[in-house]
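Observations on the model geometry
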Amino acid sequence: PSADSTKFWESNRYVPLSKSERGVYLTIDSLKKIPLFRRRMNQITLLTTGFLNLGKIEIGPDESFYSYNPVEGSRFRFGGRTTPALSKKINFDIYAAYGLRDKIWKYNAGVTYSFTKRTIYQFPVELIRLSYMNDLKIPGQELQFTQGDNIFLSVKRGVNDKFFLNKTIKAEFLDEFQTHFSYLLGYSFTRQSTAGNLHFNTGDSIQLRDNIPYINISEFYLNLRYAPNEKFYQGKMYRDPFPGKYPVIQLKIAGGLKSIYNDYNDLRLQLSISRRYYLSVLGYSDVAIEAGKIFGQVSYPLLFIHNANQTYSYQTNSYNLMNFLEFVSDQYVSLNVDHCFNGFFFNKVPLLKKLKLREVVSLKVLYGGLTKNSNPDYRNNLFKFPVDANVIPLTYGLGQKPYIEASVGVSNIFKIFRVDLIKRI
């Protein structure tokens, strides 16, 4: 401890430290100066947080150093960011990535400025962020608490060859309040082209692929969020909220005009409400309801591309048996119920009770549609949906039937793991 902090505690501590207690402080301070101990602590920090702290900068995340996909082949990425040790007000982050198969450099650079005396990680934050990204994105994969190029997500079921190449400039202002109401106001401009087995064409012939090299997407957006009494764990990159009995309400509004460097006139609205319901001895249910609507005529890249998952890692907020870009819509409603019985059944079996396993079931329902206004079967100026080499459709508009997934599983395996058996109905 510094001299100032030592004097403070000497004058404010109700009971003075004993000789042995003072020795603990000296021992800890001595340990921190031992090179071997510091190396071990850095290694543990790298494994648990994904970042290697080097003082004023930190390198990471480590799970993104290497990944694989059929378009890029082996992908190598290296980057990092500054820490509050350099500045509490300004944070810089950057990474560069390279694929051995496509031989294209991708990169991202951003700067964030905090308007408060706190860092950009301390609630409540008030910040502005500017960034530029040139990188690949899988349409319909919105991950939570992880990166898209995570090495553990490199193995995927089915074919994973549909990518967008986005060159995006973005400016955002985020303001949070003690009441846990926040708003995010932003603008982004994206020049989007295709990679892998995606193409922009308005004709039916397979020979007309890529007759349009790119599209411009210029959007203003406003995200409103209210989560009363919310508690969360602040990680190195993401906040991990603890579900509670109070609802989390989010409203997202985004749109663009052709007069402002946008290829379409469109307005999109999305409203979601989620909360946890406690059912006494029957455990608890996490319930999320969401609805969305697009006004205007847009091609499939700007439709709602529903959140799919082709990895073998269960994702609570994704449709785990839906393929990337399999379903699109311009209006939808969804219901996601994840129920934990909290040992209601297993605790009645002596051996299973000792293992403290938990029974889980889930139900995901997605219902929506694609109006004629944004359906390429009725509009010749819109991009045709992707097809494979045999001209078999890969993308569909949601029809009269809902998409439904249900699962049963076991959680709390070794206090960490969860295993689910999922059925697409």
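Whatever comes next refers back to the structure up there.
Residues numbered from 1 in each chain as written. Predicted model: local features only at pLDDT ≥ 70, side-chain atom pairs only at ≥ 80, totals over all residues. Heavy atoms only, no water.

1. Observations regarding the sheet that holds strand S20 (residues 396-397)
Sheet strands pair via backbone hydrogen bonds, and the direction of the pair is either parallel or antiparallel. An order of S16-S17-S20 is seen for the 3 strands of this open sheet, with the pairing classed as mixed. A single partner strand is all that each edge strand has here, and the edge strands are strand S16 (304-305) and S20. Relative to strand S17 (residues 327-329), S16 is paired through 2 bridges, and the arrangement is antiparallel. By the bridge assignment, phenylalanine 304 is partnered in S17 with serine 329. (Pairing = 2+ DSSP bridges. Helix = DSSP H or I, 4+ residues; strand = E, 2+ residues; numbered from the N terminus.)

2. Observations concerning a nonpolar patch on the surface
On the surface, Tyr66, Tyr68, Phe76, Leu100, Ile151 and Phe152 cluster together into a nonpolar patch covering about 600 Å² of accessible area. By secondary structure assignment, the location of phenylalanine 76 is in strand S4 (residues 73-82). (Patch = residues over 30% accessible without salt bridge, like charges linked within 9 Å, V, L, I, M, F, W, Y side chains within 5 Å. Areas by Shrake-Rupley, 256 points an atom, 1.4 Å probe, with all protein chains shown as cover. Salt bridge = Lys/Arg side-chain N within 4 Å of Asp/Glu carboxyl O.)

3. Re the pairing of strand S8 (residues 162-176)
Bridge analysis of strand S7 (residues 126-137) against S8 gives 12 bridges, and the strand direction is antiparallel. Across the sheet, the residue bridging to leucine 127 is leucine 174, located in S8. The pairing of S8 with strand S9 (residues 181-196) spans 15 bridges and is antiparallel. Note that in S9 the partner of asparagine 166 across the bridge is glutamine 192. Turn length for the S8-S9 hairpin, with the two strands adjacent in sequence and antiparallel, is 4 residues, and the turn residue histidine 180 shows positive phi of about 70 degrees.

4. Overview of the pairing of strand S3 (residues 66-69)
Side chains Ser67 and Asn69 of S3 all project onto a buried face; the interleaved residues Tyr66 and Tyr68 project onto a face where none is buried. One ladder, built from 4 bridges, connects S3 with S4; its direction is antiparallel. Each bridged residue has a counterpart across the sheet, and for tyrosine 68 the counterpart in S4 is serine 74. (Buried < 20%, exposed > 50% of the residue type's maximum accessible area, 1.4 Å probe, protein only.)

5. Regarding the environment of glycine 399
In this structure, glycine 399 sits in the loop between S20 and strand S21 (403-413). Given the relative accessible area of 35%, glycine 399 is considered partly exposed. Separated by 107 residues in sequence, glycine 399 and glycine 292 have C-alpha atoms that sit 16 Å apart.

6. Notes on empty space enclosed by the protein
What the rule picks out here adds up to 1 cavity of 30 Å³ or more. Volume-wise, the largest cavity comes out at about 50 Å³. Surrounding the largest cavity, Thr83, Pro84, Ser87, Lys88, Ile90, Asn91, Thr119, Ile120 and Tyr121 form its lining. Split by residue class, the lining of the largest cavity holds 4 nonpolar, 4 polar and 1 charged. (1 Å grid on protein atoms, 1.4 Å probe; cavity = no way out; pocket = protein on both sides within 12 Å on 5 of 7 lines; lining within 4 Å. Points joined across faces, edges and corners; volume = space filled by probe spheres on them. Nonpolar A, V, L, I, M, F, W, Y, C, P; charged D, E, K, R; others polar.)

7. Thoughts on the packing of aromatic side chains
Applying the stated criterion across every chain, the model contains 23 aromatic pairs. Aromatic pair tyrosine 107 and tyrosine 132: ring centres 6.1 Å apart, planes at 35 degrees, arrangement tilted. Of this pair, tyrosine 107 sits in strand S6 (residues 105-114) while tyrosine 132 sits in strand S7, and the two are 25 residues apart along the sequence. The exposure class assigned to tyrosine 107 is partly exposed, which follows from its relative accessible area of 36%. Residues phenylalanine 164 and phenylalanine 200 carry aromatic rings whose centres are separated by 6.2 Å and whose planes lie at 40 degrees to one another, so their mutual orientation is tilted. A residue pair is termed long-range when its members are at least 10 positions apart, and phenylalanine 164 in strand S8 and phenylalanine 200 in the loop between S9 and strand S10 (215-226) qualify at 36 residues. Side by side, phenylalanine 164 and phenylalanine 200 carry an identical accessibility label, which is buried. An aromatic cluster is present here, built from Tyr113, Phe115, Phe173, Phe177, Phe181 and Tyr183 joined pairwise through their rings. Between the NZ or CZ atom of lysine 348 and the centre of the ring of phenylalanine 344, over which it lies, the distance is 4.0 Å. (Phe/Tyr/Trp six-rings, centres within 6.5 Å; stacked < 30°, edge-to-face > 60°. Lys NZ or Arg CZ within 6 Å of the ring centre and 35° of its normal.)

8. Digging into the pattern of salt bridges
Within the structure shown, the criterion is met by 13 salt bridges. Salt-bridge contacts for arginine 129 lead to aspartate 93; the nearest nitrogen and oxygen are separated by 2.8 Å. Residue arginine 129 is located in strand S7, and its partner aspartate 93 is located in strand S5 (residues 90-99); the two are separated by 36 residues in the primary sequence. Note on aspartate 93: relative accessible area 16%, which makes it buried.

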